[in-house]
Amino acid sequence: MKRFLPLLLVLLAFSSLFARTQPGKSSFAARVTEFGHEFGFGRMISPVAMVLLDADLEFISHSEESLVASTTLKGDVRSSFSLAAYPEYRMYILPRNRVVPYFGLYGLVGFGSTSAEEPEGNCVFAKNGRTLTLGAGATLGAEFFLNDFISLSVHTRFAQYSFTSSKMETDLCLSTVEDIDKTHRFSVQFEPALYVRIYF
């Protein structure tokens, strides 16, 4: 038995060289469903573990104008910005397989802002809001390797807890109202999505 122990250790070390998820590899991922919704960067720290940072960024700007005869009347103006970052620690199961299942733990840090201006007679009805979200949860999925450099991943976040604090300021002429809202949320629903990941 002692004679086979060094041979077994050599075989395990040799087999890890053929793992598709090799230490030191970096990767870039993009969400295919709702393309452009989320991008991410990852780096393998062992044959079975990866650290990742995914991000979701959105900016919307909207304005309205009306042309009456030769007069231009300005209407509503709105804009919104949101950024959510998901740092994750992921563990791979059976990394030598073509289909590699995994599970992970992730955090959530999100920031958002909104602004709106609506003409009200001689005054402007203005709203400005800010939102901060913190949370954590678990992930589950599987990567299908097309080759050693490209994979398709079915990925879902679930069992997510989040805390959101939002502040809204409303101005109408000389009157200002400030609303603060704090929300705790726990969800166990699955939100599956498809990603493509490129290793380099």
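Calculation criteria
Residues numbered from 1 in each chain as written. Predicted model: local features only at pLDDT ≥ 70, side-chain atom pairs only at ≥ 80, totals over all residues. Heavy atoms only, no water. Helix = DSSP H or I, 4+ residues; strand = E, 2+ residues; numbered from the N terminus. Buried < 20%, exposed > 50% of the residue type's maximum accessible area, 1.4 Å probe, protein only. Areas by Shrake-Rupley, 256 points an atom, 1.4 Å probe, with all protein chains shown as cover. Core = buried A, V, L, I, M, F, W, Y, C linked by side-chain atoms within 4.5 Å. Contact = heavy atoms within 4.5 Å. 1 Å grid on protein atoms, 1.4 Å probe; cavity = no way out; pocket = protein on both sides within 12 Å on 5 of 7 lines; lining within 4 Å. Points joined across faces, edges and corners; volume = space filled by probe spheres on them. Phe/Tyr/Trp six-rings, centres within 6.5 Å; stacked < 30°, edge-to-face > 60°. Lys NZ or Arg CZ within 6 Å of the ring centre and 35° of its normal. pLDDT = per-residue confidence, 0-100. Nonpolar A, V, L, I, M, F, W, Y, C, P; charged D, E, K, R; others polar. Pairing = 2+ DSSP bridges.

This next bit is on the overall build of the chain. Of the regular secondary structure elements, the chain holds 1 helix and 9 strands. Going from N to C terminus, the chain has its helices and strands arranged as α-β-β-β-β-β-β-β-β-β. Within the chain, the proportion of its 200 residues that are buried is 30%. Accessible surface, the chain as shown: approximately 12700 Å² in total, 66% of it carbon and sulfur.

Counting residues in hydrophobic clusters, the biggest one holds 8 residues: Met44, Met50, Leu52, Tyr92, Val100, Tyr102, Phe145 and Tyr199. Of all elements in the fold, only strand 3 (49–68) and strand 5 (99–120) reach the threshold of two or more residues within this core. With near-sequence residues (within four places) excluded, Leu52 lies in contact with Phe41, Gly42, Tyr86, Pro87, Glu88, Arg90 and Arg197.

Enumeration over the complete set of coordinates arrives at 1 cavity of 30 Å³ or more. In this structure, the largest cavity spans a volume of roughly 50 Å³. Around the largest cavity sit Asp54, Arg90, Tyr102, Glu143, Ser153, His155, Tyr195 and Arg197, which together line it. Every element with two or more residues in the lining of the largest cavity is listed here: strand 7 (150–172) and strand 9 (191–199).

Looking now at the packing of aromatic side chains. Evaluation of the coordinates by the stated rule reveals 6 aromatic pairs. Taken together, a centroid distance of 6.4 Å and an interplanar angle of 55 degrees make the contact between Phe81 and Phe111 tilted. Here Phe81 is found in strand 4 (residues 71–92), whereas its partner Phe111 is found in strand 5, with 30 residues between them in sequence. Residue classification places Phe81 among the partly exposed positions, given a relative accessible area of 28%. When the ring centre of Phe149 is taken as reference, the NZ or CZ atom of Lys25 above it lies at 5.6 Å. Lying over the aromatic face of Tyr86, Arg157 brings its terminal NZ or CZ to 3.8 Å of the ring centre.

So, on to the confidence of the model for the chain. Looking at the chain as a whole, its pLDDT mean stands at 84, while 86% of the residues score no less than 70. The model gives residues 7–18 a pLDDT under 50, and that stretch makes 3 contacts with residues more than four places away or in other chains.

Moving on: the layout of surface pockets. Of the voids in this model, the largest pocket is the one considered here, and its volume is about 400 Å³. Taken together, 24 residues make up the lining of the largest pocket; nearest its centre are Tyr86, Tyr106, Arg157, Gln160 and Glu191. Elements with a minimum of two residues in the lining of the largest pocket: strand 4, strand 5, strand 7, strand 8 (175–187) and strand 9. Among the elements that line the lining of the largest pocket, the one with the most residues is strand 7, at 7 residues. Residue composition of the lining of the largest pocket, grouped by class: 9 nonpolar, 8 polar and 7 charged. Quantified by volume, the second largest pocket comes out at close to 210 Å³. Around the second largest pocket sit His37, Asp56, Glu58, Ser82, Leu83, Ala84, Tyr86, Gly110, Phe111, Gly112, Thr131 and Thr133, which together line it. Counting residues per element, the ones that place at least two in the lining of the second largest pocket are strand 3, strand 4, strand 5 and strand 6 (123–145).

Okay, the pairing of strand 8 next. As paired strands, strand 7 and strand 8 are joined by 13 bridges and run antiparallel to one another. The partner of Gln160 across the bridge, within strand 8, is Ser187. As consecutive antiparallel partners, strand 7 and strand 8 are separated by 2 residues, and within that stretch Cys173 has a phi angle of approximately 55 degrees, a positive value.

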